[in-house]
Amino acid sequence: MSNPAWSTDPRTRRSWWACWMVPHSVVMGGNSGQTGIHTYKSLTEECLSDSVDPPKRPTGRLVMHSMAMFGREFCYAVEAAYVTPVLLSVGLPKSLYSVVWLLSPILGFLLQPVVGLVSDHCQSRWGRRRPYILTLAVMMLFGMALYLNGDTVIAALTADPRKKLIWAISITMMGVVLFDFAADFIDGPIKAYLFDVCSHQDKERGLHYHALFTGFGGALGYLLGAIDWAHLELGRVLGTEFQVMFFFSALVLTLCIIIHLCSIPEAPIRDIAKDIPPQKAPQNPLLSSDKIFEYGSIEKVKNGYVNPELAMLGGKNKNLAEKAQRAMTMKSLLKALVSMPSHYRCLCISHLIGWTAFLSNMLFFTDFMGQIVYGGDPYSAHNSTEFLIYQRGVEVGCWSLCINSVFSSLYSYVQKTLVSYVGLKGLYFIGYLLFGLGTGFIGLFPNVYSTMVLCSLFGVMSSTLYTVPFNLIAEYHREEEEERRQALSGGPDSCGRGKGVDCAALTSMVQLAQILVGGGLGLLVNTAGSVIVVVITASAVALIGCCFVALFVRYVD
């Protein structure tokens, strides 16, 4: 299931300083045990002395990095505006709707951590994250091409009505699932990429820019989707409004992804001996400099800066590293997730609660506007007054979601000022509280103008979900890095978890929320007989989330 506000959204545990690991057999393999231990200590001390934070990134580079979120959210908004009309136009049976909406989040929830783990060990020359971002962006483009153009292509290829129906439904379903799958997945690598190449202060700035451009992208997508392209020249040239929106979506996403990939350099896993001055190389013959390998993602800048995360030393170490990468299986992934510290687990639960509340409201909001606020009837004849009133309510609901996107951008900018007064705990609590109260008032007192005004509170919640949880993860990692520095520890276990795994674990809560909402709310609406129960449920879940973020989520002073 997808919605432009679901930008998952969507992250790290490896130290910025190099963890130079030497196995016991190598450390003790010198002329004496004391020599081996001394070698290990000296390597650790040298590593600490050479470790520096990534350089400060210019604002322009962080804005370029945020363009991926702009492009993704623009495409999400287009999907939200057109996917239902497309599915209806190809004749999709109602029995298959649940398959379309649930298949993508189920796949995402199961595979998102796997992709995060694999990206932690990617050896591409492009770096660890960018190959996955590019691949997922191409999948998004292909998915949009299928669901926006599939019916037209099939109609041109076959005249048999039965074959046309079957192929059109199959292609459209495949396109929707593929697009949702890729769009949900891409958020994790984008966040991990930001965390890899930025200092702590730049991570915070980057997350705010991500939320800012997420709102702008959604608002622009809604605005273009609200235009009646069929009666304009561009619509007549390209064929239908579906082709017009594919043209804009493909253009915006392509440009945004290119800008994003060129924003901040990312280095591959490579021979670190080229980046370390000769006098820094270890002198022990068992640890010769020509056998040193880097595991990192920060590019060496022009002044000679290099920031490796992990170096496997010596011939034996190289073999061990290769075996370790081959052993990255589902078992190792589950072990990493199960061993997640309790404060990470609580943060994931709070993220799940927040997204469940948010998606519960967003899924049925336009239907709520058409049926409850405007009093229309979606099941009456299409030429009836009741149905036209319902359509008018849906249109106003789309404009309300545009208000949500714009206010999300504005609030993400205000957050930078508010955080110095109320802290991350205050921001987290306020976001859940305002959303819970706002949806509660909308459900209890449905009115056109008050509902549109209170939609601005949806923007507060979406901006909160895009920034605060990932700021907290960055705080957790910084605290752990400081502890490792003070303890002078850098053993294998301390580098066992990667940024990709943690980002993916948090982002996968969005998919789990989609599964819960898609599987449960339909039954809830059928039981209650009205979509107003959805808004009340969203309010109740958000207020429960207020208590959870205040009592159970850990905040770093």
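In the annotation of an unreviewed UniProt entry, the entry for the protein reads Membrane-associated transporter protein isoform X2, and the organism field reads Trichechus manatus latirostris. According to the UniProt record, the Sequence similarities (unreviewed entry) comment for the protein reads "Belongs to the glycoside-pentoside-hexuronide (GPH) cation symporter transporter (TC 2.A.2) family."

Chemist: Describe in detail the overall build of the protein, supporting the description with residues and values.
Modeler: For the protein, the helix and strand inventory stands at 19 helices and three strands. With 557 residues in all, the protein has 56% of them scored as buried. Accessible surface, the protein as shown: approximately 23100 Å² in total, 66% of it carbon and sulfur.

Chemist: Run through the nonpolar core, naming residues and quoting values.
Modeler: Counting residues in each nonpolar core, the largest one holds 126 residues, and the members touching the most others are Phe358, Tyr428, Leu472 and Val553. Broken down by element, the residue count for this core peaks at 14 residues, all from helix α3 (residues 59-89). Of the domains in this structure, domain 1 (57-265) and domain 2 (340-485 + 498-556) are the two that each give at least three residues to this core. Apart from residues lying up to four places away in sequence, Val553 is in contact with Cys346, Leu347, Ser350, Tyr428, Leu472, Tyr476 and Phe548.

Chemist: Go over the environment of Leu261 with me, naming the residues and quoting the values.
Modeler: Here Leu261 shows up in helix α10 (residues 241-261). Relative accessible area serves as the criterion here: at 11%, Leu261 is assigned to the buried category. Separated by 128 residues in sequence, Leu261 and Ile133 have C-alpha atoms that sit 8.3 Å apart. Not counting the four nearest positions on each side in its chain, Leu261 is found in contact with Arg130, Ile133, Leu134 and Tyr193.

Chemist: Describe the pattern of salt bridges, naming the residues involved and giving the relevant values.
Modeler: A pair can form between side chains of opposite charge whenever their charged atoms are brought close. For the structure shown, the criterion picks out nine salt bridges. With its nearest N and O atoms 3.2 Å apart, the salt bridge here joins Arg236 to Glu233. Remark: Glu233 and Arg236 occur in helix α9 (residues 233-238); sequence separation between them is three residues, near one turn of the helix. Looking at Arg236, the relative accessible area reads 52%, which means it is exposed. By relative accessible area, Glu233 is classed as exposed at 51%.

Chemist: Go over the side chain of Thr464, please, and point to the residues and values.
Modeler: Of note, Thr464 is situated in helix α17 (residues 456-487). What makes Thr464 buried here is its relative accessible area of 0%.

Chemist: Explain the packing of helix α8 (residues 200-225) against helix α15 (residues 385-444) to me, using residue names and the numbers behind them.
Modeler: Interaxial distance between α8 and α15 falls to 8 Å at its minimum, and their mutual angle equals 160°. Put simply, α8 runs roughly antiparallel to α15. For α8 against α15, the interelement crossing comes out left-handed. The segment α8 lies against α15, with His208, Tyr209, Ala211, Leu212, Gly215, Phe216, Gly218, Ala219, Tyr222 and Leu223 engaging Cys398, Trp399, Leu401, Cys402, Ser405, Val406, Ser408, Ser409, Ser412, Tyr413, Gln415 and Lys416. Grouping the constituent residues of the contact of α8 with α15 by class yields 13 nonpolar, eight polar and one charged.

Chemist: Tell me about a nonpolar patch on the surface, and please be specific about residues and values.
Modeler: Residues Val99, Leu103, Ile106, Leu107, Leu110 and Leu111 make up a contiguous nonpolar surface patch of roughly 450 Å² in combined accessible area. By the element assignment, Ile106 lies in helix α4 (residues 97-120). A residue is classified by how much of its surface remains accessible, and Ile106, at 36% relative accessible area, is partly exposed.

Chemist: Help me get a handle on the packing of aromatic side chains, residues and values and all.
Modeler: Tallied over the entire structure, the rule returns 15 aromatic pairs. Look at Phe387 and Tyr390: their rings are 6.4 Å apart centre to centre, the planes differ by 35°, and that puts the pair in the tilted class. Here Tyr390 and Phe387 lie together in helix α15, a separation of three residues that amounts to about one turn. Judged by relative accessible area, which is 10%, Phe387 ranks as buried. Looking at Tyr390, the relative accessible area reads 13%, which means it is buried. Feature note: the residues Trp355, Phe358, Phe365, Phe435, Phe458 and Tyr466 constitute an aromatic cluster, connected by ring pairs. Sitting over the face of the ring of Phe470, Lys191 holds its NZ or CZ atom 5.4 Å from the ring centroid. Across the ring face of Phe195, the terminal group of Lys203 is positioned such that the distance to the ring centre comes to 5.3 Å.

Chemist: Run through the side chain of Thr356, naming residues and quoting values.
Modeler: Mapped onto the secondary structure, Thr356 falls in helix α13 (residues 342-363). The class for Thr356 is buried, based on a relative accessible area of 15%. Setting aside residues no more than four positions away along its own chain, Thr356 makes contact with Ala513, Leu516, Val517 and Val541.

Chemist: Describe in detail the environment of Gly520, supporting the description with residues and values.
Modeler: Here Gly520 is to be found in helix α18 (residues 499-528). Using a relative accessible area of 31% as the deciding quantity, one classes Gly520 as partly exposed. Taking the C-alpha atoms as reference points, Gly520 and Ser360, separated by 160 residues in sequence, lie 9.7 Å from one another.

Chemist: Tell me about the packing of helix α14 (residues 365-373) against α15, residues and numbers included.
Modeler: Interhelical geometry of α14 versus α15 gives an angle of 130° and a closest axis separation of 6 Å. By the angle class used here, α14 and α15 are oblique. Regarding α14 and α15, the two cross each other, and that crossing is right-handed. Facing Phe365, Thr366, Asp367, Phe368, Met369, Gly370 and Gln371 of α14, the residues of α15 in contact are Tyr390, Gly393, Val394, Val396, Gly397, Cys398, Ser400, Leu401, Ile442 and Gly443.

Chemist: Run through α17, naming residues and quoting values.
Modeler: Given a rise of 1.5 Å per residue, 32 residues ought to cover 46 Å, and the 47 Å separating the end C-alpha atoms of α17 matches this to within 8%. The sharpest bend along α17 measures roughly 35° and falls at Thr464. Burial analysis of α17 places 25 of its 32 residues in the buried class, which makes it a mostly covered element.

Calculation criteria
Residues numbered from 1 in each chain as written. Predicted model: local features only at pLDDT ≥ 70, side-chain atom pairs only at ≥ 80, totals over all residues. Heavy atoms only, no water. UniProt positions renumbered as here; feature names shortened; annotations may be inferred. Helix = DSSP H or I, 4+ residues; strand = E, 2+ residues; numbered from the N terminus. Buried < 20%, exposed > 50% of the residue type's maximum accessible area, 1.4 Å probe, protein only. Areas by Shrake-Rupley, 256 points an atom, 1.4 Å probe, with all protein chains shown as cover. Core = buried A, V, L, I, M, F, W, Y, C linked by side-chain atoms within 4.5 Å. Domains from an automatic or database assignment. Contact = heavy atoms within 4.5 Å. Salt bridge = Lys/Arg side-chain N within 4 Å of Asp/Glu carboxyl O. Axes fitted to C-alpha atoms, helices over the stretch in contact; angles between N-to-C directions. Parallel < 35°, antiparallel > 145°, perpendicular 65-115°, else oblique. Left-handed = near helix turned anticlockwise from the far one by under 90°. Nonpolar A, V, L, I, M, F, W, Y, C, P; charged D, E, K, R; others polar. Patch = residues over 30% accessible without salt bridge, like charges linked within 9 Å, V, L, I, M, F, W, Y side chains within 5 Å. Phe/Tyr/Trp six-rings, centres within 6.5 Å; stacked < 30°, edge-to-face > 60°. Lys NZ or Arg CZ within 6 Å of the ring centre and 35° of its normal. Expected span 1.5 Å × (residues − 1). Bend = angle between axes of the 7 residues up to and from the residue.

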